[in-house]
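Listed below, chain by chain, are the residues.
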Amino acid sequence: MTSRTWKRNVMLLVFVLPALAFYAAFTLAPAFGGMWYSLTDWNGLNPTYGFVGLSNYVEAIGDRYFLKSLWFTVKFVLYMLVLQNLLAILLAVWVESLGRGKVWFRTIFFMPNMLSLIIGGFMWMFIFTRVFPYLAEKTGWMLLDQSWIGDPRYSFFAILALSLWGGVGYLMVIYIAALQGVPQQLKEAAAIDGANAYHILRHVTLPMIYPALTIGVFLTLNSSFKVFDSVYALTGGGPGRSTQVIAINIYEEAFSFSNRYGYASAKAMILFGIVLVITIIQLAVMKRREVRA
């Protein structure tokens, strides 16, 4: 290594150190701390605690509320995985097909991502509780006049609508960037060979943007498994824990019900393990498909 290269690396490290220090202090340290506390009976307040080993994990596996929240989260993830990526791809294709108005539509669809989903949750609560009943009364569309927040049959779809509204625009921008990298010559050659718009999208465009699809699925999996703010703002996990996701179950265990911080940390570690395993499998499978595509 030359002296110039060494000095350049030292300067890069100096610039990275502040961000690395914040990351270590506010992400790595709490993560490793959570691993330790998951093996204790700490309540988050007392300076002393006892070591309980894996008993928190054993209890969590038999916790029916935790298992119920896990099933609800998996159901939410599956819906989001399909709908969010499908809508994002369709919007990206449609926006890219526009002329001058494409910049405005990109901005409009991306704007919800700039708002906190806590704020978005209150906005959508007003829509579900005030706007929809008003529209149902004026138009006669009684489908809109439902208890979207208080009825377990509809609250899931209310959460889904809010989450899609807040997340589709971000993925759309990723897919737009991928679409702009597809060579126009390939599309023109396919059109000359008689392919219609659907065949071009399926056999030319989608294989070319498969790396972006890998990223989109990865982001959807991680954000959906860790969803908290949209559910907390819209339903709070109710009614009767019917919309409680894992993150809210962990939050309530640590701060709302019995202050069992160690037990909540064990649940968090279980969630981390689930997300880690699923993400590794997803990346391995989709990276292999990228090569084929």
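Reference entry: report on the structure contained in this document. (Residues numbered from 1 in each chain as written. Predicted model: local features only at pLDDT ≥ 70, side-chain atom pairs only at ≥ 80, totals over all residues. Heavy atoms only, no water.)

**Details of the pattern of salt bridges**
Okay, step 1: Applying the stated criterion across every chain, the model contains six salt bridges.
Okay, step 2: Between E59 and R260 there is a salt bridge, with its nearest N and O atoms 2.9 Å apart. Highlighted residues: E59 in helix α2 (residues 55–61) and R260 in the loop between α11 (246–256) and α12 (261–292), separated in sequence by 201 residues.
Okay, step 3: Among the residues examined, E59 registers a relative accessible area of 35% and is labelled partly exposed. (Salt bridge = Lys/Arg side-chain N within 4 Å of Asp/Glu carboxyl O. Helix = DSSP H or I, 4+ residues; strand = E, 2+ residues; numbered from the N terminus. Buried < 20%, exposed > 50% of the residue type's maximum accessible area, 1.4 Å probe, protein only.)

**Some points on the side chain of N222**
Okay, step 1: In this structure, N222 sits in helix α9 (residues 210–225).
Okay, step 2: On the basis of relative accessible area, N222 is assigned to the buried category, the value being 17%.
Okay, step 3: Here the side chain of N222 touches F218 through a polar contact of 2.8 Å, landing on its backbone oxygen.
Okay, step 4: Non-local contacts of N222, meaning those with residues more than four positions away in its chain, are made with V275 and T279. (Polar contact = N/O pair within 3.5 Å; in protein donor to acceptor, adjacent residues only side chain to side chain. Contact = heavy atoms within 4.5 Å.)

**Re the packing of helix α7 (residues 184–192) against helix α8 (residues 197–208)**
Okay, step 1: In the contact formed by α7 and α8, the axes pass within 10 Å of each other and the chain directions differ by 160°. With respect to α8, the axis of α7 lies roughly antiparallel. At the point where α7 passes α8, the crossing takes the right-handed sense. Where α7 abuts α8, its residues L186, K187, A190 and A191 lie against I200, V204, T205 and M208.
Okay, step 2: Partitioning the contact of α7 with α8 into residue classes produces six nonpolar, one polar and one charged. (Axes fitted to C-alpha atoms, helices over the stretch in contact; angles between N-to-C directions. Parallel < 35°, antiparallel > 145°, perpendicular 65-115°, else oblique. Left-handed = near helix turned anticlockwise from the far one by under 90°. Nonpolar A, V, L, I, M, F, W, Y, C, P; charged D, E, K, R; others polar.)

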